[in-house]
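# Per-entry structural report
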Amino acid sequence: MADLRTQLEGNLKHVKDRIAAACQQVGRSASEVTLVAVTKYAQLDWIQGLIDLGMADLAENRPQQLVERQARWPQVRWHLIGQLQRNKAKSVLGPASLIHSVDSLRLAQRLSALAESPQRVLCEVNVSGEASKAGFTPTELQQAWDELVALPNIAIEGLMTMAPLSENPEDARPVFAGLRQLRDQLQLRCPQGVSLSHLSMGMSGDYEVAIQEGATLVRVGSRLFERL
Ligand SMILES: *Cc1c(COP(=O)(O)O)cnc(C)c1O
């Protein structure tokens, strides 16, 4: 479908241009930021369209849908960004290239016990402190940290957060800056060879602010599929 392709291409170009501009504003290289397309509401032909346009990092929030879509498109790096129950942990080991949503020590322990090779993960942090949000509080993560980094077969590569919903992207800035500062503190407590290189933050409404505050992975869904 030519219309679908044209629309997707335009949306993708819009987002990539703004990523590049945000990087330039703060003197970062655009190569430091990976656009992760969130496909949780996307139809199959939209996903195929994105892949045809060169997208290699896609994200799902439901483990079951990630597993199904990974089987269909195994060439893609699939990111799990939604809540993972411990009884579903086994199903995503292998299919998930990176799990952004490790939100408890118990989940990390389960993944560690089941994984046969190092599973790449990020710890999800509830920086804003909203009751409705998943994730470690910053204090909980600091308390669990020594145990987390000692777990075998878990490679912690950084942190993830979601900012509160708001019309104004500037409202997200303190949350993103807080995640970066927490990462910097925790990096000092990592064993040699462990690098918390990733900050997964920023969605359709606030990815530019997230990049200005150091995001390396931006998770963009609705903006890519507008008008489809
Ligand atoms: C849905 C979702 C996104 C993408 O949100 P958009 O506003 O559609 O870009 C990002 N991160 C998580 C964890 C999500 O669940």
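So, here is what we can say about the structure in this document. Everything numeric in this text was worked out from a predicted model, so none of it was measured.

### Thoughts on the packing of aromatic side chains
Tallied over the full model, the rule gives one aromatic pair. One residue, Arg 72, lies across the ring of Trp 73, its end atom 5.4 Å from the ring centre.

### Side note on the site of the ligand
Residues in close proximity to the ligand include Val 38, Lys 40, Ile 81, Met 162, Met 203, Ser 204, Arg 219, Val 220, Gly 221 and Ser 222, which together make up its full environment. Here an oxygen atom of the ligand sits 2.5 Å away from a polar atom, N or O, in the side chain of Ser 204. A distance of 2.9 Å separates a nitrogen atom of the ligand from a polar side-chain atom of Arg 219. About the coverage of the ligand: the protein hides 86% of its 390 Å² of free accessible area. Classifying every residue of the shell around the ligand gives five nonpolar, three polar and two charged.

### Quick notes on the environment of Leu 141
For Leu 141, the position within the fold is in helix H6 (residues 138-150). For Leu 141, a relative accessible area of 0% gives the class buried. Sequence-wise, Leu 141 and Leu 12 are 129 residues apart; in three dimensions their C-alpha atoms are separated by 35 Å. Setting aside chain neighbours within four positions, we find Leu 141 in contact with Cys 123, Val 125, Phe 136, Leu 148, Leu 159, Leu 182 and Leu 186.

Reading guide: rules and limits
Residue positions are given per chain, counting from 1 as you read along its sequence in written order. Given that the model is predicted, a residue must reach a pLDDT of at least 70 before its local features are reported, and side-chain atom pairs must reach 80 or more before they are shown or counted; all residues, however, enter totals for whole chains, interfaces and linings. As a convention, hydrogens and water are excluded, and side-chain values are obtained from all of the structure's heavy atoms. Ring geometry is summarised as follows: Phe, Tyr and Trp rings, the Trp one being its six-membered ring, pair when their centres sit within 6.5 Å, and such pairs are stacked at plane angles under 30 degrees, edge-to-face over 60 and tilted between the two. In our convention, an over-ring charge means Lys NZ or Arg CZ found within 6 Å of a ring centre and within 35 degrees of that ring's normal. We call a residue near a molecule or strand whenever a single non-hydrogen atom of that residue lies within 4 Å of it. We call two N or O atoms a polar contact when they sit within 3.5 Å, provided that within protein one can donate a hydrogen and the other can accept it, with sequence-adjacent residues counted only if both atoms are side-chain atoms. For every accessible area listed, the method is Shrake-Rupley and the probe measures 1.4 Å; residues are considered covered only by the protein chains on display. Any residue that is not Ala, Val, Leu, Ile, Met, Phe, Trp, Tyr, Cys, Pro, Asp, Glu, Lys or Arg is counted as polar, Gly included; the first ten are nonpolar and the last four charged. Put simply, DSSP marks the helices as runs of H or I at least four residues long and the strands as runs of E at least two long, and each gets a number from the N terminus on. Under the scheme applied here, a residue whose accessible area is under 20% of the maximum for its type counts as buried, over 50% as exposed, and between as partly exposed, the area being computed with a 1.4 Å probe on protein chains only. Whether two residues touch is decided by their heavy atoms; if any such pair falls within 4.5 Å, the residues are in contact.

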